[in-house]
Structures are given as C-alpha cells and as structure tokens.
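The residues making up each chain are set out below.
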Amino acid sequence: MLTIRNLMVFYENALALNDLSLKVKEGEIVGVIGSNSAGKSTLLNTIAGLTLDLKIRERRKGGERITVMGRMAYLGKDITEMLATERVKQGIVLCRERHPIFPESNVLENLRIAAYLQPKARFRKMVMYIFELFPQLKGLRRKRAGFLSGGEQQMLAIGMALVAAPKLLLLDEPLLGLSPAIQTRLVETIEEIRNSLGITIIIAEQFARPVLPMIDRGYIIENGMLILTGRGKELMNNPEVRSAYFGV
Ligand SMILES: Nc1ncnc2c1ncn2[C@@H]1O[C@H](COP(=O)(O)OP(=O)(O)O)[C@@H](O)[C@H]1O
Ligand SMILES: [Mg+2]
C-alpha cells in the first residue's frame, strides 16, 4: 500500500531522516518506535505531505531550509510531490501528536470541522461508529474539547482522523501522557478500528511496551536511521529492544 525508498529529510543542515526505506501492506498495523527526536514525527509528517507543504512555504519566504529526497508510492502511484490536502483526499490521514483538537469548540463541532470534505450522510454514520468505539465521548458531545481529559482528547483526535475517511491512518504518539489503563483501552480500540474498518495503520511511539503486542511489524529508528525491523513478537523478545524501549 505504501512504499518508501531512500527517504532523507534535512532541516537546514541537520539530517532528520537518513536513507529510510519502509513498506506497509494493506490492512497492517505497523509500528515506528524511537526515542525522543528519533525522527518519528518527521516520518509521519513526510508521509502526510506536511513536510512538503512546509518546504514550499519556506521557499516562498526565500529560504531553502528543508530538503526532502527519496520516493514515496501509495496505492501504486508516486506521491512524492503530492500536496497534503490531496493526500488527505486520497485517504492518507494524520493524527498529529499531543491531541490536536480545537479547545474552544465542542466535541461534535470538532468532528464536524475534521469532516469538512465529507458528505453529510457519511459523516453521520461515522459519528455513530465513533460513539460506539468511544462511548464516553457520546455523553460529552456538547462539551468544549478543551475541558476534556487527556485520554478523552486523544479519543476525539482519533475520531477526527476517522471522519476524514482514512485508508492509511497515521497516529503520532497517541498514547503520550496517558495512564497505563487508558493506554491499554486505546490500543484495543486501535486494533478494533483496523479489524472493523480494514484501515491500514502506522503508529509512532516512544515506548514499545504497550504497542508491540498489537503491531504486525515494527521499525525501530534512532537518529533518523532504521536500526532494526521485524514482526511485533520478534521485536518484543529482542533484548536490545527491551532494554532501550521498555522503560517507563
Ligand atoms: N520543523 C523543524 N525544524 C527544524 N528541526 C526540526 C523540525 N522538526 C523536527 N526537527 C528536528 O528533527 C529531528 C527529528 O525530530 P522529530 O521528527 O520531531 O522526532 P520525534 O517525533 O521522533 O521526537 C530532531 O532533531 C528535531 O529537533
Ligand atoms: Mg514526535
């Protein structure tokens, strides 16, 4: 479904992704594991097209701050030069890190904003599905999003990604800052989303412990470089992975 070949991203002269190649098959949940600053967000932002948008904006201002090299293909088509909005229409939807919601708007309004490209009937169906997935959001649908707990905000952020009709859903550290109990529930829900909607998922996380059991395959990155890849179970039993990414 997604093939990335020899991706390099520079911010000024700093290399954020170094010769990274990666493949995601339809229906898979793929993990991208790496410590802080490893390049996880850069990778997801580049898949979503945000890095290209940023590069174009910087160039308009007269700078050449960002360099992107390598090729990306999605559903058999080269998308390396495709803008972010077009990628969303093609089904590549990113849920950015730290619960990117509109705090002044209520839960339903947030979902509506995120679904602006979608037909109404589809939106209504999806909202029903989201409230089944996260029953506690249903009771909060008229509440201002800024007043939700961290876990509820993350559920809303995932809901906002879902109403945009993803085929490939990119989740950037969805478990960040949540309690272990809520992390466990979210992990179950992410699997449920894949199983019931057949959406392909890439999940980036700093800590491997909660995500390794759910992923089909994982890529471990350090300083923008791929250092290890394997099936979830293989990575889980790898002593280096355990010592480096099983901390709290
Ligand atoms: N917009 C940016 N401008 C300059 N440097 C950036 C920018 N975004 C990320 N970086 C740098 O790129 C590296 C990778 O960052 P990032 O992709 O955010 O890592 P992660 O998400 O794994 O924490 C870091 O060294 C970070 O400081
Ligand atoms: Mg990040």
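Use the structure listed above.
About the thresholds
Every chain is numbered independently, its residues counted from 1 as its sequence is written. Chain labels run from A onward and ligand labels from 1 onward, assigned in the order the entries are written. Note on the predicted model: pLDDT of at least 70 is required for a residue's local features to be given, and 80 or more for side-chain atom pairs to be given and counted; whole-chain, interface and lining totals, by contrast, use all residues. Note: side-chain values were computed over all heavy atoms of the structure, leaving out hydrogens and water. In this text, helices come from DSSP runs of H or I with a minimum length of four residues, and strands from runs of E with a minimum of two, each type numbered from the N-terminal end. Two residues form a contact once any of their heavy atoms are found within 4.5 Å. Distance and chemistry together define a polar contact, namely a pair of N or O atoms within 3.5 Å, with one atom able to donate a hydrogen and the other to accept it when in protein, and with adjacent residues in sequence counting only for side-chain atoms on both sides. Coordinating donors are taken to be N, O and S atoms lying within 2.8 Å of the metal, or within 3.2 Å when the metal is Na, K or Ca; because water is excluded from the atom set, some sites may appear incomplete. By this definition, two strands are paired if DSSP reports at least two bridges between them. Buried, partly exposed and exposed residues are distinguished by accessible area as a fraction of the type maximum, computed with a 1.4 Å probe on protein chains only: under 20%, between the cut-offs, and over 50%, respectively. The convention used is that axes are lines fitted to C-alpha atoms, helices contributing only their stretch in contact, and that angles between N-to-C directions extend from 0 to 180 degrees.

Caption draft 1: Focus on the environment of Asp53. Tracing the chain through its elements places Asp53 in helix H2 (residues 50-60). Residues Asp53 and Asn237, 184 residues apart in the sequence, show an inter-C-alpha distance of 39 Å. Contacts of Asp53, omitting those with residues within four sequence positions, involve Leu83 and Ala84. Within the structure, Asp53 has its side chain in polar contact with the backbone nitrogen of Ala84 (distance 3.5 Å).

Caption draft 2: Structural context of the coordination of the magnesium ion (ligand 2). Taken together, Ser41 (OG) and Glu97 (OE) make up the protein donors of the magnesium ion (ligand 2), found 2.0 to 2.4 Å from the metal. Here Ser41 is found in helix H1 (residues 40-48), whereas its partner Glu97 is found in the loop between strand E6 (92-95) and helix H4 (107-114), with 56 residues between them in sequence.

Caption draft 3: Focus on the pairing of strand E10 (residues 225-231). Looking at chain direction, strand E9 (residues 217-222) and E10 are connected through six bridges and run antiparallel. Bridge assignment links Tyr219 to a residue of E10, and that residue is Thr229. Counted between consecutive antiparallel strands, the loop separating E9 from E10 contains two residues, among which Asn223 sits at a positive phi close to 45°.

Caption draft 4: Spatial organisation of unusual backbone geometry. The residue Asn6 is not glycine, and still its phi comes out positive at about 50°. Structurally, Asn6 can be placed in strand E1 (residues 2-11). The exposure class of Asn6 is partly exposed, given its relative accessible area of 40%. Positive phi, close to 45°, is recorded for Glu173, a residue that is not glycine.

Caption draft 5: Broad picture of the sheet that holds strand E4 (residues 66-74). Strand order in the open sheet formed by four strands is E2-E1-E4-E5, and the pairing between neighbours is antiparallel. A strand with exactly one partner marks an edge of an open sheet, and here the two such strands are strand E2 (14-24) and strand E5 (77-78). Pairing analysis gives seven bridges linking E1 to E2, with the strands arranged antiparallel. When the bridges of E2 are listed, Phe10 appears paired with Leu15. Of the strands in this sheet, E1, E2 and E4 touch H1, which is tilted by about 115° from E1. In this fold H2 packs onto E1 and E4, with an angle of close to 145° to the strand it touches most, E4.

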